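Chain and residue survey
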Amino acid sequence: MEPSHAQSYAQLISDRVSEIDLPAEAAWFRDPEVVIAGDGIEVMVATPTADRPRPVLAVGERLAVEAPREVVKGVVAVQVARAHLGHPEPAGQWATLLFGFSGVFLLFGLATGLAPFGFLGGLGVIGGVLGWRARIEFAHALRARVHEADELAVSWVGRQNVVDALHWLASRVEPDPRPGGRLDPPTFHDRLAHLAGA
């Protein structure tokens, strides 16, 4: 995209953001620096820092060019809500690696009859189980946070705008042939179903 066009679309996105009815606690996002970045439909929100007092909103070119006004408001509102709520701390990401090493130690200990290797392997398996439990809890917290952000965005721009935004995004993302697992973030279908039931 040429710089002049990018600037025009950035201003257009900025105008649409100004239409979002943000409460006082999210006032930090009322005047973002908008950047057209990449050629996709992504939206990234960078919160203000001491070095950069204005938040940055990076919007994919396809979203800026193709999306209707209400869809842009819905997508941006959801991302701002997620940034406002923060992200849960990742946990248990090391569990799979620990299981692998523990399995090697355990098998080696059983094959050679060396008790210390079997003992270390057993401890590793216990640690891996605890790690998987922490990872599952993190996944549940992340899913809950995504749904909470959707609901917060609904209170800012209305349910229909958020639903339209999720439908628009879902129609432009490659479908994943695998169903969402317990450790995966919620799919657009999950999020729409949650909003419909809320």
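Structure shown above.
Throughout what follows, the structure given in this document is the object of discussion.

The rules behind these values
Residues numbered from 1 in each chain as written. Predicted model: local features only at pLDDT ≥ 70, side-chain atom pairs only at ≥ 80, totals over all residues. Heavy atoms only, no water. Pairing = 2+ DSSP bridges. Helix = DSSP H or I, 4+ residues; strand = E, 2+ residues; numbered from the N terminus. Axes fitted to C-alpha atoms, helices over the stretch in contact; angles between N-to-C directions. Contact = heavy atoms within 4.5 Å. Core = buried A, V, L, I, M, F, W, Y, C linked by side-chain atoms within 4.5 Å. Buried < 20%, exposed > 50% of the residue type's maximum accessible area, 1.4 Å probe, protein only. Expected span 1.5 Å × (residues − 1). Phe/Tyr/Trp six-rings, centres within 6.5 Å; stacked < 30°, edge-to-face > 60°. Lys NZ or Arg CZ within 6 Å of the ring centre and 35° of its normal. Parallel < 35°, antiparallel > 145°, perpendicular 65-115°, else oblique. Nonpolar A, V, L, I, M, F, W, Y, C, P; charged D, E, K, R; others polar.

1. A short note on the sheet that holds strand β1 (residues 33-36)
Spatially, β1-β3-β2 is the arrangement adopted by the three strands of the open sheet, whose pairing is mixed. Strands at the two margins of the open sheet, each flanked by one partner only, are β1 and β2 (43-46). Across the sheet, the mean angle from the axis of one strand to that of its neighbour is 15°, orientation sign disregarded. Contacting β1 and β3 (56-59), helix α1 (residues 3-18) crosses the sheet at an angle of about 135° to β1. Packing against the sheet, helix α3 (residues 69-85) makes contact with β2 and β3, and its axis sits at approximately 40° to β2.

2. Thoughts on the nonpolar core
As a rule of thumb, soluble globular proteins bury nonpolar side chains together. Judged by nonpolar contacts, the single largest core of 37 residues is most densely connected at Ile-13, Leu-57, Leu-63, Val-76, Trp-156 and Val-162. The set of elements that each furnish at least two residues to this core consists of α1, β1, β3, α2 (61-66), α3, α5 (115-157), α6 (159-170) and α7 (188-197). Looking at this core, the element that brings in the most residues is α3, giving eight residues.

3. Structural notes on the pairing of β3
Judged from the four bridges that link them, β1 and β3 form a sheet pairing that is parallel. Pairing of Glu-33 across the sheet is with Val-56, part of β3. Pairing of β2 with β3 involves four bridges; the strand directions are antiparallel. If you follow Met-44 over to β3, its bridge partner there is Ala-58.

4. Quick word on the side chain of His-147
Residue position: His-147 is located in helix α5. By relative accessible area, which is 13% here, His-147 ends up buried. Not counting chain neighbours up to four residues away, the residues in contact with His-147 comprise Pro-186, Asp-190, Arg-191 and His-194.

5. Looking at α3
Compared with the 24 Å implied by 1.5 Å per residue over 17 residues, the 24 Å span of α3 between its first and last C-alpha is a close match. Looking only at α3, the buried set comprises Val-71, Val-72, Lys-73, Gly-74, Val-75, Val-76, Ala-77, Val-78, Val-80 and Ala-81. A positive phi of about 80° marks Gly-86, the residue just after α3.

6. What to know about the packing of aromatic side chains
Under the counting rule described, the total for this entry stands at three aromatic pairs. Each ring, one from Trp-28 and one from Phe-29, has its centre 5.5 Å from the other, and the planes form 75°; the classification is edge-to-face. Taken together, Phe-105, Phe-108 and Phe-117 form an aromatic cluster joined through their ring pairs. Just above the ring of Trp-132 sits the side chain of Arg-135; from NZ or CZ to the centre is 4.9 Å.

7. Some words on the side chain of Asn-161
Topologically, Asn-161 is positioned in helix α6. Not counting chain neighbours up to four residues away, the residues in contact with Asn-161 comprise Glu-70, Lys-73 and Gly-74.

8. Describing the packing of α1 against α3
For the pair α1 and α3, interaxial distance at closest approach is 9 Å and the crossing angle is 70°. If you check the angle between α1 and α3, you find them roughly perpendicular. Taken together, the residues of α3 that come into contact with α1 (itself represented by Ile-13, Arg-16 and Val-17) are Arg-69, Val-72, Lys-73 and Val-76.

9. Examining the packing of α3 against α6
Across the interface, α3 lies against α6 with an axial gap of 8 Å and an inter-helix angle of 95°. By the angle class used here, α3 and α6 are roughly perpendicular. Side by side, α3 and α6 meet where Glu-70, Val-71, Lys-73, Gly-74, Val-75 and Val-78 of the first sit next to Asn-161, Val-162, Asp-164, Ala-165, Trp-168 and Leu-169 of the second. Looking at the contact of α3 with α6, its residues break down into seven nonpolar, two polar and three charged.

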